[in-house]
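# Geometric and topological summary
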Amino acid sequence: MASPHVTPASLAAPSRRQVAGFIGALSAGALILLAPPIAGMAPNAQRLAALFAATLILWVTEALPIGVTALLAIAAQPIFQVASMGKAGAAFMSPVFFFVLAMFLIAAVVHDSGLDRRFAAWLLERAGTDSRRVVLAFMVGSATLSTIVSDVPACAIWAAMGMTLLDRENLRPGTSNLGRALMLAIPIASFIGGIGTPAGSSVNLLGLQLLREFGGIDIGFLHWMAIGLPMVILLTPLAWWILMRVYPPEIANITPPPAEKRGAFTPPERKVLGLFTTMLVLWIASTWWPAVLNATMIAVLGSVAMFLPGLRLLQWDRAMRAVSWEALFMIGGITSLGVACRDTGLAEWFVQHSLSGLGSWHPMAIIAAISAVTVAIHLVIPILPAVTAVMVPPVVLLAQQLDMSPALFALPVVFTASCGFLLPLDAVSLITYGTGHYRMTDMLRPGLLISIGWVILMTLLIYFIGPLVGLR
């Protein structure tokens, strides 16, 4: 008997976007594959370029489920003769894969214990009823939570609370500046908060993994925070100020929420706080003892501890529901393609033909240019891990050619890969875009201004603070 939700007819009727995606992927791949030999590009690199282009189009258009496209990217590498199945599969199961898996489980226990709601209630109590301060409180909450859990659950948690507030005020989608500003503020703050620590986003760990593979450099947890936390602290109020200027709320005060007494911390809350505090201390300690303490190892062991007798913070069936396997598969596919870019010489060719002109510039100008290009490329590749995979290998090679530290050029890419708020095309911003409180183009003006601020701050921090923490 057929399922009432999935029928043969629905499975056989792809959308126009999916059809366009299939045609675009096949056309782009065939065009590159069948083109005459490209000057300076090895044959296997040209075949990989065809596979990479087709894969990116399939991801952007979602012509296939994202996880399925990731599997296709692995299986197609031996077909395109760019890597053996064993090598492609080994790159798929990188440490980043397991780190992201652990972070999904951490997000689940933070939510299930009620810590997120306790923190939100505490923050909103201090914001009062002033609508502007309430938006700021939502941004601070989203950014803070996003420094320790993935951007997606952080945004989803605060978006749900934001919708409750807007419903209580009877603000209909598309008619309210407060609704527009609040639903834009939450994903923007989640993106910003995600760069505070390496644990804040899967994109961070993917970028660090690529920097390690291509540049041979390990960035310590605390060294990352020396750049990331100032970015969060400075960008969050800047983004709030811009949003309030572009979309000033039409009401000065909101209705106070019903009083809620939460009392003392519950046993699950205390357990989660204790576990996460331990993990954070070990993550910071890994800055000085990287050979003993590894960020991924700590995250995985912390996840295992959630199931131990005495803690019992998570059940296995709940853990399986908490994990976005689609996101995990995509991370694996991106990592595998990135390794293939290095091995085939495609990344080196890209540097020689697109970034070599930057070699005569001042290092600060190069950092600013790389950051700006990374912001702009989101309009073409609105998938943050894909942005990282495309940009990190070539800028590492550029730094090596200029006899400079790869970290000075690669870290702006890794950080700025999270600067995805020109248009709501990423999974994080799509969470609030689906509420109908703003149109796609409503994000562009404040997003562009915040992105300019991001590039300026990124350039100054990397250039001046970076060398102080060993990024020379």
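Residues numbered from 1 in each chain as written. Predicted model: local features only at pLDDT ≥ 70, side-chain atom pairs only at ≥ 80, totals over all residues. Heavy atoms only, no water.

## Here we look at the overall build of the chain
The secondary structure content of the chain amounts to 22 helices and zero strands. The C-alpha atoms of the chain give 22 Å as radius of gyration, which agrees with the globular expectation for 472 residues (23 Å, within 12%). If you line up the chain on its principal axes, its C-alpha atoms span 70 × 60 × 50 Å. For the chain, the residues scored as buried account for 53% of the 472 residues in total. Once local pairs closer than 6 in sequence are excluded, the contacts in the chain between residues at least 24 apart make up 78%. Carbon and sulfur atoms provide 69% of the accessible area of the chain, an area that totals close to 20000 Å². Of note, the chain has its 25 positive side-chain charges centred 4 Å away from the centre of its 20 negative side-chain charges. (Helix = DSSP H or I, 4+ residues; strand = E, 2+ residues; numbered from the N terminus. Rg over C-alpha atoms; globule rule 2.2 N^0.38 Å. Buried < 20%, exposed > 50% of the residue type's maximum accessible area, 1.4 Å probe, protein only. Contact = heavy atoms within 4.5 Å. Areas by Shrake-Rupley, 256 points an atom, 1.4 Å probe, with all protein chains shown as cover. Lys, Arg positive; Asp, Glu negative; His and termini not counted. Charge placed at Lys NZ, Arg CZ, Asp CG, Glu CD.)

## Thoughts on a nonpolar patch on the surface
Together, Leu444, Leu448, Leu449, Ile452, Ile456, Leu460 and Phe464 make up a nonpolar patch on the protein surface, roughly 620 Å² of accessible area in all. Within the secondary structure, Leu444 sits in helix 22 (residues 444–465). (Patch = residues over 30% accessible without salt bridge, like charges linked within 9 Å, V, L, I, M, F, W, Y side chains within 5 Å. Salt bridge = Lys/Arg side-chain N within 4 Å of Asp/Glu carboxyl O.)

## Examining the layout of surface pockets
Volume-wise, the largest pocket comes out at about 760 Å³. Val152, Met330, Asp426, Ala427 and Val428 are, among the 37 residues lining the largest pocket, the residues nearest its centre. Of all elements in the fold, only helix 3 (43–61), helix 6 (95–113), helix 9 (151–168), helix 11 (202–215), helix 16 (325–344), helix 19 (384–401) and helix 21 (427–433) reach the threshold of two or more residues within the lining of the largest pocket. By residue class, the composition of the lining of the largest pocket is 27 nonpolar, five polar and five charged. (1 Å grid on protein atoms, 1.4 Å probe; cavity = no way out; pocket = protein on both sides within 12 Å on 5 of 7 lines; lining within 4 Å. Points joined across faces, edges and corners; volume = space filled by probe spheres on them. Nonpolar A, V, L, I, M, F, W, Y, C, P; charged D, E, K, R; others polar.)

## Let's talk about the pattern of salt bridges
Counted by the stated rule, this structure contains eight salt bridges. Close ionic contact of Arg318 with Asp112 constitutes a salt bridge, the shortest N to O distance being 2.8 Å. One end of the pair, Arg318, is in helix 15 (residues 316–322); the other, Asp112, is in helix 6, and 206 residues separate them in sequence. Across the salt bridge formed by Arg212 and Asp218, the nearest N and O atoms sit 2.3 Å from each other. For Arg212, a relative accessible area of 36% puts it in the partly exposed group. One network of salt bridges, with partners in common, ties together Arg180, Arg439 and Asp442.

## Some points on the side chain of His437
Following the sequence through the fold, His437 ends up in the loop between helix 21 and helix 22. In this structure His437 touches Met163, Leu166, Leu171, Arg172, Pro173, Gly174, Gly179, Arg180 and Met183, once residues within four positions along its chain are discounted.

## Side note on the environment of Gly162
Mapped onto the fold, Gly162 is located in helix 9. Along the chain, Gly162 and Phe276 lie 114 residues apart, while their C-alpha atoms are 26 Å from each other. For Gly162, the contacting residues outside a window of four places in its chain are Phe138, Leu182 and Met183.

## As for unusual backbone geometry
Positive phi values are uncommon outside glycine, yet Arg312 reaches one of about 45°. Mapped onto the elements of the fold, Arg312 is located in the loop between helix 14 (295–305) and helix 15. Relative accessible area serves as the criterion here: at 52%, Arg312 is assigned to the exposed category. Of note in the backbone geometry, Asp403 takes a positive phi value of approximately 60° without being a glycine. With respect to the helices and strands, the residue Asp403 is situated in the loop between helix 19 and helix 20 (406–416).

## Remarks on the nonpolar core
Counting residues in each nonpolar core, the largest one holds 153 residues, and the members touching the most others are Trp59, Trp283, Phe409, Leu411, Phe421 and Trp454. The element best represented in this core is helix 6, accounting for 14 residues. For Phe409, the residues in contact, after removing those within four places along its chain, are Pro363, Ile366, Ile367, Ile370, Val395, Leu398, Ala399, Leu402 and Met404. (Core = buried A, V, L, I, M, F, W, Y, C linked by side-chain atoms within 4.5 Å.)

## Some thoughts on the environment of Gly216
Turning to its location among the elements, Gly216 is positioned in the loop between helix 11 and helix 12 (221–246). Classification of Gly216 by relative accessible area gives exposed; the value is 62%. In this structure the C-alpha to C-alpha distance between Gly216 and Val396, which are 180 residues apart in sequence, comes to 9.9 Å.

## A look at helix 2 (residues 16–34)
An ideal rise of 1.5 Å per residue puts 27 Å on 19 residues; helix 2 measures up with 26 Å between its terminal C-alpha atoms. Of all the residues in helix 2, the buried ones are Gly21, Ala25, Ala28 and Gly29. Viewed along the axis of helix 2, the buried residues span an arc of 95°, placing them on a single side of the element. The exposed set on the far side of helix 2, more than 90 degrees from its buried face, consists of Arg16, Leu26, Leu31 and Leu34. (Expected span 1.5 Å × (residues − 1). Arc of directions from axis to C-beta.)

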